[in-house]
Amino acid sequence: MPTNRQILLDNRPQGEATVSNFKLVSTETPALQDGQVLVRHHYLSLDPYMRGRMNESKSYAQPQPLGEVMIGGTVGEVVESRHPKFSAGDKVVGMGGWQEYSVVDAAQPGALRKVDTTHVPLSHYLGAVGMPGVTAWYGLVKIIDPKAGDTVVVSAAAGAVGSAYGALAKARGCRVVGIAGGKDKCDYVVNELGFDACIDYKEHKDAYSLAKALKQACPNGIDGYFENVGGMVLDAVLLRMNAHGRIAVCGMIAGYDGQPLPLANPALILVNRLKIQGFIVSEHMEVWPEALKELGTLVGTGKLRPRESVAQGIEAAPEAFLGLLKGKNFGKQLVKL
Ligand SMILES: NC(=O)c1ccc[n+]([C@@H]2O[C@H](COP(=O)([O-])OP(=O)(O)OC[C@H]3O[C@@H](n4cnc5c(N)ncnc54)[C@H](OP(=O)(O)O)[C@@H]3O)[C@@H](O)[C@H]2O)c1
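The notes below deal with the structure included here. Sequence order as written defines the numbering, with residues in each chain counted from 1. Since the coordinates come from a predicted model, pLDDT governs what is reported: local features require at least 70, and pairs of side-chain atoms require 80 or more to be given and counted, while whole-chain, interface and lining totals use all residues. The basis for the side-chain values is all heavy atoms of the structure; hydrogens and waters are excluded.

Things to note about the side chain of R53
Here comes step 1: When you line up the elements, R53 lands in helix α1 (residues 49-53).
Here comes step 2: Only protein chains enter the accessibility calculation, which uses a 1.4 Å probe. A residue is then buried if its area is under 20% of the maximum for its type, exposed if over 50%, and partly exposed in between. Positive: Lys, Arg. Negative: Asp, Glu. His and the chain ends are not part of the count. Salt bridges, as used here, are contacts in which a Lys or Arg side-chain nitrogen is within 4 Å of a carboxyl oxygen on Asp or Glu. For the buried R53, no salt bridge is present, and the opposite-charge side chain at shortest range is E283, 8.9 Å distant.
Here comes step 3: Aside from chain neighbours lying at most four places away, what touches R53 is R12, Y60, A61, Q62, P63, Q64 and I71. In this description a helix means any DSSP run of H or I spanning at least four residues, a strand means any run of E spanning at least two, and both kinds are numbered starting from the N terminus. Here, residues are in contact when the closest pair of their heavy atoms is within 4.5 Å.

Structure follows, in structure tokens:
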């Protein structure tokens, strides 16, 4: 059996996460038991939620245990199988973690799913045609529920979730406006993803300045907002929300390293009779088949061309993960294993 390089959570961050929170180890892969499958991971997904799991505090999921392989989505190839439904060579998606190989109990429901790479590249099953894509779908379709002609906005627009959101909202006839960090990301959002406009929040020193730019980009106000970051960006959007607007609260990455995220003007929720709803995509497994079908079609037909940042080798995962929390990624952050 092959040697497996793994990244463990070694200790919990005190404030900002650092590379010293992680530890690289090598282990021997155990021999397979009946019902098990050995998967060689080709890509590891790095996602903002992992930062929350590094903390001990109460959340919607259990903390990542110390001394164990970091949790994470993976795509790869079956190299050996003792389960009748899987054969060597099958391309599969699962939660293999930050390691090069995993031994999976394939009979466990949802543990391993075969994917078709004829029209969709394998790596996209971790991004646009995977968890981040379904996240965008859920927030847009089930919470914001836009009509054609509505104006919808998303923050972290150039990222894995934001880019899928843009394509899904355009397909529903919306005016779609992104908020992203930097000119390159904004150019990509408009020119390659087909958003109607994109605002570089880094050019604005406060929420009022950003709200002014939003007023220009959203002349009819904002009907739906998909929140990925929190802080100043949320304050600015609240100033431009229309009456009875909907906000899907997906993430607040600006606070994941412990930064405070005060809300400047909560009275706007009342004044504009807003619906604000948080959600966790893994609690809505019932929508995944429908969402993945639409996302697969958008990617397969070239209407969604997701971008990826790919770090090389398992040893590069911690640095790439910390970069993701600071906006160094451009599109879906992956590690090639
Ligand atoms: N609720 C759920 O079930 C669920 C599921 C998946 C993801 N999420 C959330 O969705 C959001 C996006 O995830 P993703 O996987 O698509 O990540 P991503 O957008 O590919 O990468 C994260 C991006 O966040 C932006 N960012 C980081 N720090 C920021 C800050 N201080 N202020 C403003 N923007 C900042 C950066 O973009 P810029 O360079 O543009 O700033 C960075 O590239 C995250 O908040 C994540 O936690 C939630």
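Next, the rest of the story.
Some points on unusual backbone geometry
Here comes step 1: A positive phi is found at A156, a non-glycine position, where the angle reads about 50°.
Here comes step 2: Tracing the chain through its elements places A156 in the loop between β8 (151-155) and α3 (160-171).
Here comes step 3: Judged by its relative accessible area of 35%, A156 is partly exposed.
Here comes step 4: Even without being glycine, H244 reaches a positive phi, approximately 65°.
Here comes step 5: Along the chain, the position of H244 falls in strand β12 (residues 241-249).

Examining the nonpolar core
Here comes step 1: Throughout, nonpolar core names a set of buried Ala, Val, Leu, Ile, Met, Phe, Trp, Tyr and Cys residues whose side chains join them through atoms within 4.5 Å. By size, the foremost hydrophobic cluster in this structure holds 50 residues, and its most contacted members are V134, Y165, V189, F226 and L304.
Here comes step 2: Contributing elements (two or more residues each) for this core: α2 (131-144), β8, α3, β9 (175-180), α4 (183-191) and α8 (288-300).
Here comes step 3: The element best represented in this core is α2, accounting for seven residues.
Here comes step 4: In contact with Y165, other than residues within four places in its own chain, are A136, L140, I144, V152, V153, V154, G224 and F226.
Here comes step 5: Judged by nonpolar contacts, the second largest core, of 24 residues, contains I199, A207, Y225 and I247.

Take it as geometry only, folks, not as evidence of what the structure does.
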